[in-house]
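Residue-level structural notes
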Amino acid sequence: MKKIYILILIMGLGISLSSALFAQSFTSIQYNVGIPFGGLKDHTDQTSWRGMSFEYHRAVTPEITVGANLAYSVFYQRMPYGSYTQGNATLSGVQYRYNNLFPMAINAHYTFGRGEFRPYAGIGAGTVYDLRNTDMGMISFENREWHFLICPEAGILFSTGPETSIKLNVKYDNAFKTKDADAFGNMNINIGFLFRGR
Amino acid sequence: MKLLKILSLVFLGLLLTQCYPEGPEYVDEIDIVYTNYDPAYNFAAKHTFAMPDKVMKIDNDLLNGKDTNFIKPIYANVMLSQIRQNLLSKGWSELSISQNPDVLVAPAAYEVTTYIYDYWGYYGWWYDGYYPGGGWYYPYPAVSDYSTGSLIVAMVDPNLVSANDRPEVVWTFAINGLLEGTTSQFNARVAKGIDQAFKQSPYLQK
């Protein structure tokens, strides 16, 4: 865990230094599709088609950029009519399950080459806020949890002009276990625009 | 390019707000059935029950010590009949209360209305005189409401008295749902809920 905090600190320092040393910035806005794993899949095991992310980076070297990523995804699943027993009590009905995920991370990317197609790989660290609701009848059971987050990613930038690119990437949000909640994963497949600026 | 950025943000924002999952579409998808029982109670040794011919209404009159009100027979008869049929089909026998049955089955029901209330919509009496043209208005109804109903059935053993001098509840079930639809639709949902309560209580089987 200590190493992870050092990693976040280095990335944070990188952002500050890059603002001073290099002028180029990269802003991207993407539509996200999410595939659940682990504890998330146990609650809602269907693909999320509702998500978006925003990222701002600055160049540290011509190949390396550092910045921050904010995202939002909502997972939903309607369970068929069923019975749920705890102790001597049983509750039957249709369950509606929702997971609202808000990952936020500081991250770094390494871009390969300088052509029209530029593959890149990166890693980030931060936190993800998980707002989890299970609705049954007029009752809603709600859990809120902050998880520590590590998020490796890889993608391609397809240049569409001197200042814009189409950005396609895959990011895996690996949320660590907490005292009250299981670890989970969210495989994001993202597409959107990247804008270069000064 | 700035315009493209703004359009991208607006597009994604709209996409998310328009596509948020909504949940239940039909009234019966909100119906729930709850059961609980005393695991120490020997249901296998009990065979007879008695039940009233009315369903008590839990309302303000009851809570304020006034006369007891009852659910309309058009609804109550379905509730009582369905409970009776389920008990008989599980091997229980019905007795009158004077014949000293093993357990008493006591149904009661209540209704709760929840108001979604936008109180600013009612302040016209106060601000209308101060704003030209009668002030502003809300483009949607200021008040809406929904009513939920619950049927609660307690099985008590009159021979078991708890510390507060009341018969102990050995089994209970509750059905909760929206009070919507025609009488026949409502009664069908209630009957289905009662059947489910017995289905998820296998310890009642003789």
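Residues numbered from 1 in each chain as written. Chains lettered and ligands numbered in written order. Predicted model: local features only at pLDDT ≥ 70, side-chain atom pairs only at ≥ 80, totals over all residues.

Thoughts on the overall build of chain A
Using the following cut-off: What counts as a helix is a DSSP run of H or I of at least four residues, what counts as a strand is a run of E of at least two, and both are numbered from the N terminus. With C-beta atoms placed from the backbone, a residue counts as buried when 20 or more other C-beta atoms lie within 10 Å of its own, as exposed when 12 or fewer do, and as partly exposed for counts between those limits. With C-beta atoms placed from the backbone, a contact is any residue pair whose C-beta atoms sit within 7 Å.
Each helix and strand in chain A was counted, giving 2 helices and 10 strands. Order of helices (α) and strands (β) in chain A, N terminus to C terminus: α-β-α-β-β-β-β-β-β-β-β-β. Classification of the 198 residues of chain A by burial places 36% in the buried group. Across chain A, the fraction of contacts at a sequence separation of at least 24, relative to all contacts at a separation of at least 6, is 59%.

As for the overall build of chain B
Of the regular secondary structure elements, chain B holds 5 helices and 8 strands. When the helices and strands of chain B are read in sequence order from the N terminus, they spell out α-β-β-β-α-β-α-β-β-α-β-β-α. Split into buried and exposed, the 206 residues of chain B put 19% on the buried side. Restricting to contacts in chain B with at least 6 residues of sequence separation, those with at least 24 account for 72%.

Some remarks on the interface of chain B and chain A
Threshold: Think of it as three bins: nonpolar holds Ala, Val, Leu, Ile, Met, Phe, Trp, Tyr, Cys and Pro, charged holds Asp, Glu, Lys and Arg, and polar takes everything else, Gly as well. Following DSSP output, two strands are said to pair if at least two bridges run between them.
Tallying the contact residues gives 26 residues for chain B and 24 residues for chain A. Mapped by element, the contributors of at least two residues to the side of chain B that touches chain A are helix H1 (2-18) and strand E1 (32-37) of chain B. Looking at the side of chain B that touches chain A residue by residue, the classes come out as 15 nonpolar, 8 polar and 3 charged. Relative to E1 of chain B, strand E5 (residues 89-93) of chain A runs antiparallel, the two sharing 3 bridges. Counterpart to threonine 90 of chain A in the pairing with E1 of chain B is threonine 35 of chain B.

Some details on the confidence of the model for chain B
Residues and elements named next belong to chain B. Quick note on the threshold: The predictor reports its confidence for every residue as pLDDT, a score running from 0 up to 100.
Here chain B averages 82 in pLDDT, and 75% of its residues register 70 or above. When pLDDT is averaged over each element of chain B, strand E5 (residues 93-94) comes out on top at 97 and helix H4 (residues 124-127) at the bottom at 54. For residues 131-142, every residue scores under 50 in pLDDT, and the model assigns this stretch 9 contacts once sequence neighbours within four places are set aside. Across the predicted assembly, pTM comes out at 0.77 and ipTM at 0.79.

Concerning the pairing of strand E7 (residues 117-136) of chain A
All names here are of chain A. With 17 bridges joining them, strand E6 (residues 95-111) and E7 adopt antiparallel strand pairing. Paired with alanine 108 across the two strands is isoleucine 123, which belongs to E7. Linking E6 to E7, which pair antiparallel, is a turn of 5 residues; within it glycine 113 sits at a positive phi near 80°. Bridge analysis of E7 against strand E8 (residues 139-159) gives 20 bridges, and the strand direction is antiparallel. Its bridge partner being in E8, alanine 121 is matched across the sheet by alanine 154.

Some remarks on the sheet that holds E7 of chain A
Residue and element names in this part refer to chain A. Stated formally: A fitted line through C-alpha atoms represents every axis, and for helices the fit uses only the stretch in contact; the resulting angles, taken between N-to-C directions, go from 0 to 180 degrees.
An order of E1-E2-E3-E6-E7-E8-E9-E10 is seen for the 8 strands of this closed barrel, with the pairing classed as antiparallel. When the angles between neighbouring strand axes are averaged without regard to direction, this sheet yields 25°. Of the strand pairs in this sheet, strand E2 (residues 50-59) and strand E3 (residues 64-78) are connected by 10 bridges, and their pairing is antiparallel. Bridge assignment links arginine 50 to a residue of E3, and that residue is valine 74.

Let's talk about the nonpolar core
Selection rule: Residues enter a nonpolar core if they are buried, belong to Ala, Val, Leu, Ile, Met, Phe, Trp, Tyr or Cys, and are joined to the set through C-beta atoms within 7 Å.
Met79, Ile83 and Ile194 of chain B are the most contacted members of the largest nonpolar core, which has 28 residues in total. Elements represented by at least two residues in this core include exactly E1, helix H3 (73-89), strand E6 (103-117), strand E7 (143-161), strand E8 (167-178) and helix H5 (183-199) of chain B. In terms of residues, this core owes the most to one element, H3 of chain B, which gives 5 residues. Not counting the four nearest positions on each side in its chain, isoleucine 194 of chain B is found in contact with Met79, Gln82, Ile83, Asn86 and Ile175 of chain B. One finds Leu40, Tyr96, Tyr98 and Ala175 of chain A within the second-largest nonpolar core, a separate group that totals 13 residues.

Some points on the environment of leucine 204 of chain B
Residue and element names in this part refer to chain B. Position of leucine 204 relative to the elements: it lies in the segment after H5. The class for leucine 204 is partly exposed, based on 19 C-beta atoms found within 10 Å. Sequence separation between leucine 204 and phenylalanine 43 is 161 residues, and the spatial gap between their C-alpha atoms is 6.3 Å. In this view, leucine 204 contacts Phe43, Lys90 and Phe198; residues no more than four positions away in its chain are not counted.

Re the pairing of E1 of chain B
Consecutive residues of a regular strand have side chains that alternate between opposite faces of the sheet. With 6 bridges joining them, E1 of chain B and E8 of chain B adopt antiparallel strand pairing. Bridging across to E8 of chain B, threonine 35 of chain B finds its partner in phenylalanine 173 of chain B.

Some thoughts on unusual backbone geometry
Its identity as a non-glycine residue notwithstanding, asparagine 100 of chain B has a phi of 60°, on the positive side. Looking at the secondary structure, you find asparagine 100 of chain B in the loop between E5 and E6.

Quick look at the environment of threonine 61 of chain A
All names here are of chain A. Position of threonine 61 among the secondary structure elements: in the loop between E2 and E3. Classification of threonine 61 as exposed rests on a count of 11 C-beta atoms within 10 Å. Threonine 61 sits 49 residues away from tyrosine 110 along the chain, and the two C-alpha atoms are 9.4 Å apart.

Concerning H5 of chain B
Spelled out, the test is: Take the number of residues in a helix, subtract one, and multiply by 1.5 Å to get its expected span.
Taking 1.5 Å per residue as the helical rise, H5 of chain B with its 17 residues ought to reach 24 Å, and the 24 Å between its terminal C-alpha atoms agrees with that figure. Burial in H5 of chain B covers these residues: Arg189, Val190, Gly193, Ile194, Gln196, Ala197 and Phe198 of chain B.

Some details on the packing of H3 of chain B against H5 of chain B
Residues and elements named next belong to chain B. This is how the line gets drawn: Working definition: roughly parallel below 35 degrees, roughly antiparallel above 145 degrees, roughly perpendicular at 65 to 115 degrees, and oblique for all remaining angles. Definitions for this section: a left-handed crossing has its near helix turned counterclockwise from the far helix by less than a right angle. A right-handed crossing has that turn clockwise.
Running from amino to carboxyl end, H3 crosses H5 at an angle of 25°, the nearest separation of the two axes being 9 Å. In terms of orientation, H3 lies roughly parallel with respect to H5. Crossing hand, H3 versus H5: right-handed. On the side of H3, the interface is formed by Ile74, Tyr75, Val78, Met79, Gln82, Ile83 and Asn86, while H5 contributes Thr183, Asn187, Val190, Ala191, Ile194, Asp195 and Phe198.

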